[in-house]
Amino acid sequence: MKHLLLTLMTTVLAACAHAPDNLPGTVDGEVFYVQRMALPPTATLQVTLQDVSLADAPAQTLASQKGPIKGQVPLPFHLTYDQKQIQQGHTYAVSARIEVDGKLLMISTERYTVDLTLEEKPPVKIRLNPVR
């Protein structure tokens, strides 16, 4: 009986350990700017999740969302990524930009690091600054 119970518990624990790998990971948040201005109807928002671990190599994009801006700030975003791409000891960050007709209007100038190992991730608030 003990052997059967031990086998059953081991199977359940193994299944639980692998479940998060099969589900997509998500990062949610909002983008804002403090300038009082209305964006043109052709403005687009792009939010990107990247592996920024290597200083001497381009960042690897894990997820990106791009589309027309609907409404006013704060602008919500939802990124979905493949958890199998996450590597222990790597650093991940979210960035954002607003373009109008292909020209950069605003961009995040700070690093917004996210801990992708957390099951419940706090929402990310990204501040954009105008491009001069």
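In this text, all values refer to a predicted model and were calculated from it rather than measured experimentally.

Asker: Kindly report on the overall build of the chain, identifying the contributing residues and their values.
Answerer: Across its full length, the chain carries 1 helix and 8 strands. A burial count over the chain gives 27% of its 132 residues as buried. Taking the contacts inside the chain whose residues are at least 6 apart along the sequence as the reference set, 64% of them involve residues at least 24 apart. Accessible surface, the chain: about 9100 Å² in total, of which carbon and sulfur atoms supply 57%.

Asker: Please set out the layout of surface pockets residue by residue, giving values where relevant.
Answerer: Any empty space left between the atoms is revealed when a probe the size of a water molecule rolls over them. In this structure, the second largest pocket occupies an estimated 180 Å³ of space. What lines the second largest pocket is a set of 14 residues, among which Q50, V94, S95, A96 and S108 lie closest to the centre. Among the secondary structure elements, those contributing two or more residues to the lining of the second largest pocket are strand 2 (43-51), strand 5 (92-100) and strand 6 (103-108). Here the element with the most residues in the lining of the second largest pocket is strand 5; it accounts for 5 residues.

Asker: Outline the nonpolar core, supporting the account with residue identities and numerical values.
Answerer: With 27 residues, the main nonpolar core has V27, L49, I98 and I126 as its most contacted residues. Counting only elements with at least two residues in this core, the list comes to strand 1 (25-32), strand 2, strand 3 (60-68), strand 4 (75-81), strand 5, strand 7 (112-114) and strand 8 (124-130). Considering each element in turn, this core owes the most residues, 5 residues, to strand 5. Leaving out residues up to four positions away in the same chain, I126 has contacts with E30, V31, F32, V47, F77, V94, S95, A96, S108 and Y112.

Asker: Please set out unusual backbone geometry residue by residue, giving values where relevant.
Answerer: Looking along the chain, the bond that leaves V73 and enters P74 is cis, with omega of 0 degrees. Among the secondary structure elements, P74 is positioned in the loop between strand 3 and strand 4. Of note in this structure, D101 is not a glycine but carries a positive phi near 55 degrees. Following the sequence through the fold, D101 ends up in the loop between strand 5 and strand 6.

Asker: Pulling in residues and values, what's your account of the confidence of the model for the chain?
Answerer: Averaged over all residues, the pLDDT of the chain is 87; the fraction at 70 or higher stands at 84%. Predicted confidence is poor over residues 2-8, with pLDDT under 50, and the contacts of this stretch with residues over four places away or in other chains come to 0 contacts. Note on residues 10-19: pLDDT is under 50 here. Beyond four places in sequence and across chains, it has 0 contacts.

Asker: Tell me about the environment of V73, residues and numbers included.
Answerer: Positionally, V73 belongs in the loop between strand 3 and strand 4. Look at V73 and you get partly exposed, because its relative accessible area is 31%. Distance from V73 to F32, taken between C-alpha atoms, is 5.3 Å for residues 41 residues apart in sequence. V73 has contacts with V31, F32 and Y33, leaving out every residue within four places of it along the chain.

About the cut-offs
- Residues numbered from 1 in each chain as written.
- Predicted model: local features only at pLDDT ≥ 70, side-chain atom pairs only at ≥ 80, totals over all residues.
- Heavy atoms only, no water.
- Helix = DSSP H or I, 4+ residues; strand = E, 2+ residues; numbered from the N terminus.
- Buried < 20%, exposed > 50% of the residue type's maximum accessible area, 1.4 Å probe, protein only.
- Contact = heavy atoms within 4.5 Å.
- Areas by Shrake-Rupley, 256 points an atom, 1.4 Å probe, with all protein chains shown as cover.
- 1 Å grid on protein atoms, 1.4 Å probe; cavity = no way out; pocket = protein on both sides within 12 Å on 5 of 7 lines; lining within 4 Å.
- Points joined across faces, edges and corners; volume = space filled by probe spheres on them.
- Core = buried A, V, L, I, M, F, W, Y, C linked by side-chain atoms within 4.5 Å.
- pLDDT = per-residue confidence, 0-100.

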